[in-house]
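Here is what each chain is made of, one letter per residue.
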Amino acid sequence: MKLTPTKQTAGFTLSEMMLGLTISSVVVAAVTSSIALQKSFSAVDNYFATLMQQIRIIDYLNRDVKRGLIVTTSVDLQSVTVNVPNYIIQSGDPEAANPALIGTSRTPTIAYTPSGWQVNYGASPSTVVYSINGMSILRTENGVVTTIASSTDQLVPQTTDVELANTEYTNTSVTFLPIFTTGNAVAERSGTSIFATAYMRNRLRG
Amino acid sequence: MKRGKLNAQAGATLIEIMVAAMLLAGFFASIFELNAVCLRYIDASKESVAALQTVHDRCETLRNLAFTDLTSTSYVQSLLAAPPNASDFCRKVTEVIKVSAYPTPNGITQFTRSPNGTVTTNSTAADLGTSLVQIDVSTSCNMTLGGRGLSEQTTTLVSNGTKK
């Protein structure tokens, strides 16, 4: 009796195996690449968005520091308090007895003092506080809270207040932690730094 | 024999599979390159922001000097030895600062700060006056992306006087 192998029990040939392996490799690579790319594009988008938030924080803080009378930073440098002259007449101010004046510029009193001309916008300046609350950076002016930046990338502004004999300025750096890190979070955060200097116009040089 | 039925059951040829795989590989290579371009543009954006901030910070430093210091060539030259801020970007830019009397200049005092921090006085104004000066601050460097030139410039006027 002669036994002959039937087609039903035949296995794959080497070329079929190689072809199958190639196709499956390409499919797996395509799926993996799609996921990786999706994550990467998401990280890029997130990085850009947070970069804009950094600029926004710097812009807000610089504006207030430049027009501030006094700047105080907390010990951890993450909270900044600025006293700003009341340039604008607001509800509740003595001048607001005339409702038409609300929202308009206040006319300062100008007097000559032993230290020179003094421009006075009133006895009670506005208090502006910059602080971190969870994932948000808040600006609080006389109790009114404005969220100026919000990100899940752990935005951290740090401000150093430098007071000299005849002037005062702040150095601010804003950093965040990108989604993709190489394991060295400190270096990754440092690489995102944006720096800014702002001098207080009201404490200008003599 | 029905050849049509056989054709319907026939699989793809090796050539067809290879072409399909190459197309797929090309497609993904393009997407990865696109992603890499995005990353490079992020770097370019960071450099642009840093350049803008550098000019701004230098301008802030100068506009808050006492007028007598601002019009002193030696004072400004020693001041420029320090970078505008602590960013790494400041180590690759060349800064040019010009100071002149305003509105009628009588010569221009010009300083150039190299990336290594060396400050050179290119020229000294005959007279900067005692009331108002114009300050031009410009920075330039080659960007990481494509080595293209990047420059930012600003101009401001500073008056003599005390503000308390």
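You'll find the structure just up there.
Residues numbered from 1 in each chain as written. Chains lettered and ligands numbered in written order. Predicted model: local features only at pLDDT ≥ 70, side-chain atom pairs only at ≥ 80, totals over all residues. Heavy atoms only, no water.

Peer 1: I keep staring at the overall build of chain B and nothing clicks. Help me out?
Peer 2: Within chain B one finds four helices and five strands. In sequence order, chain B lays out its α and β elements as α-α-α-α-β-β-β-β-β. The C-alpha radius of gyration computed for chain B amounts to 29 Å, which surpasses the reference 15 Å derived for 164 residues by more than 25%, pointing to a less compact arrangement than a globule. Considering only C-alpha atoms, chain B reaches an extent of 110 × 30 × 30 Å along its principal axes. (Helix = DSSP H or I, 4+ residues; strand = E, 2+ residues; numbered from the N terminus. Rg over C-alpha atoms; globule rule 2.2 N^0.38 Å.)

Peer 1: Even after reading the chapter, I still don't get a nonpolar patch on the surface, so can you show me in this structure?
Peer 2: Together, L14(B), I15(B), M18(B), V19(B) and L23(B) make up a nonpolar patch on the protein surface, roughly 500 Å² of accessible area in all. One can find V19(B) in helix 2 (residues 14-63). (Patch = residues over 30% accessible without salt bridge, like charges linked within 9 Å, V, L, I, M, F, W, Y side chains within 5 Å. Areas by Shrake-Rupley, 256 points an atom, 1.4 Å probe, with all protein chains shown as cover. Salt bridge = Lys/Arg side-chain N within 4 Å of Asp/Glu carboxyl O.)

Peer 1: Which parts of the structure should I look at to understand empty space enclosed by the protein?
Peer 2: Space left empty within the atom packing is revealed by a probe, the size of a water molecule, rolled over the atoms. All names here are of chain A. One pass over the structure, following the stated rule, counts two cavities of 30 Å³ or more. In this structure, the largest cavity spans a volume of roughly 60 Å³. Around the largest cavity, the lining residues are I57, L61, Q78, V80, Y130, S131, I132, I137, P157 and T159. Put simply, the parts of the chain that give the lining of the largest cavity at least two residues each are helix 1 (14-66), strand 5 (126-133) and strand 8 (156-163). For the lining of the largest cavity, the element with the most residues is strand 5, which contributes three residues. Residues of the lining of the largest cavity, tallied by class, amount to seven nonpolar, three polar and no charged. (1 Å grid on protein atoms, 1.4 Å probe; cavity = no way out; pocket = protein on both sides within 12 Å on 5 of 7 lines; lining within 4 Å. Points joined across faces, edges and corners; volume = space filled by probe spheres on them. Nonpolar A, V, L, I, M, F, W, Y, C, P; charged D, E, K, R; others polar.)

Peer 1: Just to check I follow, could you spell out the sheet that holds strand 3 (residues 119-123) of chain B for this structure?
Peer 2: Within a sheet, adjacent strands bond to each other through the backbone by hydrogen bonds, running parallel or antiparallel. Residue and element names in this part refer to chain B. Pairing within the open sheet is antiparallel, and its five strands lie in the order 3-2-1-4-5. Strands with a single pairing partner mark the edges of an open sheet, and in this sheet they are strand 3 and strand 5 (149-159). With direction set aside, neighbouring strand axes in the sheet form an average angle of 15°. Across four bridges, the pairing between strand 2 (residues 109-113) and strand 3 is antiparallel. Residue pairing in the sheet places F111 in a bridge with T121 of strand 3. Across the sheet, helix 2 touches strand 1 (94-101), strand 2, strand 4 (132-142) and strand 5, and the angle it forms with strand 5 is around 20°. (Pairing = 2+ DSSP bridges. Axes fitted to C-alpha atoms, helices over the stretch in contact; angles between N-to-C directions. Contact = heavy atoms within 4.5 Å.)

Peer 1: What's the story with the pattern of salt bridges in this structure? I'm lost.
Peer 2: It is possible for side chains bearing opposite charge to pair when their charged atoms get close. All names here are of chain A. Applying the stated criterion across every chain, the model contains ten salt bridges over all chains. When the shortest N-O distance is used, the salt bridge between R67 and D64 registers 2.9 Å. The class of R67 is partly exposed, set by a relative accessible area of 23%. Relative accessible area serves as the criterion here: at 0%, D64 is assigned to the buried category. The network of salt bridges with shared partners includes D64, R67, R139 and E141. (Buried < 20%, exposed > 50% of the residue type's maximum accessible area, 1.4 Å probe, protein only.)

Peer 1: How should I be thinking about the nonpolar core in this particular structure?
Peer 2: Generally speaking, a soluble globular protein has its nonpolar side chains buried in company with each other. Residues I57(A), V65(A), V82(A) and L155(A) are the most contacted members of the largest nonpolar core, which totals 25 residues. Counting residues per element, the ones that place at least two in this core are helix 1, strand 2 (80-84), strand 5, strand 7 (144-150) and strand 10 (194-199) of chain A together with helix 2 of chain B. Residue contributions to this core peak at seven residues, all from helix 1 of chain A. Leave out the neighbours within four places in its chain, and I57(A) touches I137(A), I148(A), A149(A), L155(A), P157(A) and V174(A). Within the second largest apolar cluster, 17 residues are counted, among which are L65(B), F67(B), I97(B) and I135(B). (Core = buried A, V, L, I, M, F, W, Y, C linked by side-chain atoms within 4.5 Å.)

Peer 1: Before we go on, may I ask you to explain the interface of chain B and chain A in this structure?
Peer 2: A common way to state how big an interface is: give the accessible area lost once the parts meet. With 35 residues of chain B at the interface, the matching set in chain A holds 36 residues. For the pair chain B and chain A, the summed buried area comes to about 3,100 Å², and 63% of that belongs to carbon and sulfur atoms. Taken together, the links from chain B to chain A amount to one salt bridge. Close ionic contact of E60(B) with R201(A) constitutes a salt bridge, the shortest N to O distance being 2.6 Å. Taken together, chain B and chain A are joined by seven residue pairs in polar contact (both at pLDDT 80 or more). (Buried area = accessible area lost by both parts, 1.4 Å probe. Polar contact = N/O pair within 3.5 Å; in protein donor to acceptor, adjacent residues only side chain to side chain.)

Peer 1: Which parts of the structure should I look at to understand the side chain of T139(B)?
Peer 2: The topology assignment puts T139(B) in strand 4. With residues up to four places along the chain from it excluded, the contact list for T139(B) reads A51(B), T54(B), V55(B), V93(B), T94(B), E95(B), L150(B), S151(B) and E152(B).

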